[in-house]
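Residue-level listing of the chains:
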Amino acid sequence: MNLLVCGGAGFIGSNFVRLMLEREPGCRIAILDALTYAGNMTTIADVLADPRCRFTHGQIQDAHTVAELVKAKKITHIVNFAAETHNDRSLLESGSFIQTDVFGVHVLLEATRKFGLERLVHVSTDEVYGSIAEGRFTEQSPLEPNTPYSASKAGGDLQARAHFVSFGTPVIVTRGGNNYGPFQYPEKLIPFFVTRLMDGKKVPLYGDGSQVREWIHVMDHCEGIEKVLRKGEPGQVYNIGDDNERANHEVVRILLEETGRDAALVKSIPDPRRGAHDKRYSMACDRVRALGWMPRRSFHEHLRETVRWYREHEAWWRPIAESEAYESFVKAFYGPSLGEDL
Ligand code: TYD
């Protein structure tokens, strides 16, 4: 398998590359990554030491770069992780989300069709379904995204669907739950809170923290994507979740325990997402389970391990947390509510 992993220098993509190097000894992997604020060469330093793995700096929106790479590396399969992914940033600026998450997917679909690739797996999110008060989303649930981010992901998913129907392009869409684990950029709830708590800083809990997310360990998610890559049916969508629903305040309580910090560091702030803050996500995942996949990592134990990873890998996250780009986002987004506690 000659695999192109788009967004391979990011959180989920880099963990997926590690998994494939282990699981598929004969594979060759081309990583394409734009190295936006969330992509990082230090994240993939270990995998680039493997001669089966090569890196190209570029965007999935750039059809020329994608085409040249597909030809030069004789690519047979693409897995796309490249995306703008942060809801809160999409509330400040959303044009880049549409560029990457919609137009970029279109470029990959066209390349898959034009060069007759065997398969494109497009990695998406449960957020495209919107919020569900009771029950679970299935792959047939309507798409009702509520933020510019989730709407851009839904746009990519619909391009994939239309390409399959119109041209028979062999594309499969996966929709994952909220991921946690090593190498997650410290703007998402878990790494943002862990790194701040370790520094003894206050953490901003949106509203009362009663929103529910379905958390899945990144390696369980990657194993699900691998299963879909090998056995999934073109044109289908596969939900990949862990049946592990937790209210935000529950996750935060575990983080306080694991960092040994006092609950006084948690500051409840007016919800910056307001009406766009999805109350609950929950997915039925029978379809991917029927391929022989199931999640293997228990939440409490692996959340603890994740906190330990951040404690032991300060050299990875500290330069990010001290970068101007990071500090200016945190200041712009949280300054008004955290004030002195920033
Ligand atoms: P996040 O990690 O941004 O993922 P998503 O928006 O894709 O679910 O947020 C997870 C939950 O945590 C969400 O309900 C918003 C909440 N949250 C906070 O309360 N405070 C924060 O600082 C962040 C980043 C998120």
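As a starting point, this report considers the structure included with it. The structure presented is a predicted model; accordingly, all values stated were derived computationally and were not measured.

## Focus on unusual backbone geometry
- The backbone of Lys74 shows a phi angle near 50 degrees, a positive value even though the residue is not glycine.
- With a phi angle near 55 degrees, Asp243 is a residue other than glycine that sits in the positive phi range.
- Of note, Asp243 is situated in the loop between strand E10 (237-240) and strand E11 (245-247).
- With relative accessibility at 47%, the residue Asp243 sits in the partly exposed group.

## Examining the sheet that holds E11
- Spatially, the three strands line up as an open sheet ordered E7-E9-E11, and their pairing is mixed. The open sheet has two edge strands with one neighbour each: strand E7 (178-180) and E11. Averaged over neighbouring strand pairs, the angle between their axes works out to 50 degrees when direction is ignored.
- Running over the sheet, helix H8 (residues 218-231) touches E7 and strand E9 (212-217) and is turned about 75 degrees from E9.

## Overview of the sheet that holds strand E5 (residues 119-125)
- If you trace the seven strands from one edge of the open sheet to the other, you get E3-E2-E1-E4-E5-E6-E10, paired in parallel fashion. Single-partner strands in this sheet number two, and they are strand E3 (53-57) and E10. Averaged over all neighbouring strand pairs, the angle between strand axes comes to 20 degrees, with direction disregarded.
- With six bridges connecting them, E5 and strand E6 (residues 171-176) associate as parallel partners. By the bridge assignment for E6, Val121 is matched with Ile172.
- The strands that H8 touches are strand E1 (2-6), strand E4 (77-80), E5, E6 and E10; relative to E5, the one it contacts most, it runs at about 145 degrees.

## Description of the packing of helix H7 (residues 189-198) against helix H11 (residues 299-312)
- Axis separation between H7 and H11 bottoms out at 10 Å; the angle between their running directions is 55 degrees. In terms of orientation, H7 and H11 fall into the oblique class. Crossing hand, H7 versus H11: right-handed. On H11, the residues touching Ile190, Pro191, Val194, Thr195 and Met198 of H7 are Leu303, Val307, Tyr310 and Arg311.

## A word on the packing of aromatic side chains
- Enumeration according to the criterion identifies 17 aromatic pairs in this entry.
- For the ring pair Tyr129 and Phe137, a centre distance of 4.8 Å and an interplane angle of 20 degrees mean the geometry is stacked. Phe137 shares its class with Tyr129; the two are buried.
- Ring geometry for Phe192 and Phe193: centres 6.2 Å apart, planes at 50 degrees, overall tilted. With respect to burial, Phe192 and Phe193 carry one shared label: buried.
- Here the aromatic cluster, defined as three or more aromatic residues joined through ring pairs, consists of Phe192, Phe193, Tyr206, Phe329, Phe333 and Tyr334.
- The cationic tip of Arg89 hangs over the ring face of Tyr37; the distance from NZ or CZ to the ring centre is 3.7 Å.
- Here the basic side chain of Arg89 rests over the ring of Phe329, its NZ or CZ set 4.2 Å away from the ring centre.

## Section: the layout of surface pockets
- Approximately 300 Å³ is the volume found for the second largest pocket.
- The wall of the second largest pocket is formed by 18 residues, among which Glu139, Arg161, Arg175, Gly235 and Val237 lie closest to the centre.
- For the lining of the second largest pocket, the secondary-structure elements that each account for two or more residues are helix H6 (148-167) and E6.
- By residue number, the principal contributor to the lining of the second largest pocket is H6, which donates six residues.

Thresholds applied
- Residues numbered from 1 in each chain as written.
- Predicted model: local features only at pLDDT ≥ 70, side-chain atom pairs only at ≥ 80, totals over all residues.
- Heavy atoms only, no water.
- Helix = DSSP H or I, 4+ residues; strand = E, 2+ residues; numbered from the N terminus.
- Buried < 20%, exposed > 50% of the residue type's maximum accessible area, 1.4 Å probe, protein only.
- Pairing = 2+ DSSP bridges.
- Axes fitted to C-alpha atoms, helices over the stretch in contact; angles between N-to-C directions.
- Contact = heavy atoms within 4.5 Å.
- Parallel < 35°, antiparallel > 145°, perpendicular 65-115°, else oblique.
- Left-handed = near helix turned anticlockwise from the far one by under 90°.
- Phe/Tyr/Trp six-rings, centres within 6.5 Å; stacked < 30°, edge-to-face > 60°.
- Lys NZ or Arg CZ within 6 Å of the ring centre and 35° of its normal.
- 1 Å grid on protein atoms, 1.4 Å probe; cavity = no way out; pocket = protein on both sides within 12 Å on 5 of 7 lines; lining within 4 Å.
- Points joined across faces, edges and corners; volume = space filled by probe spheres on them.

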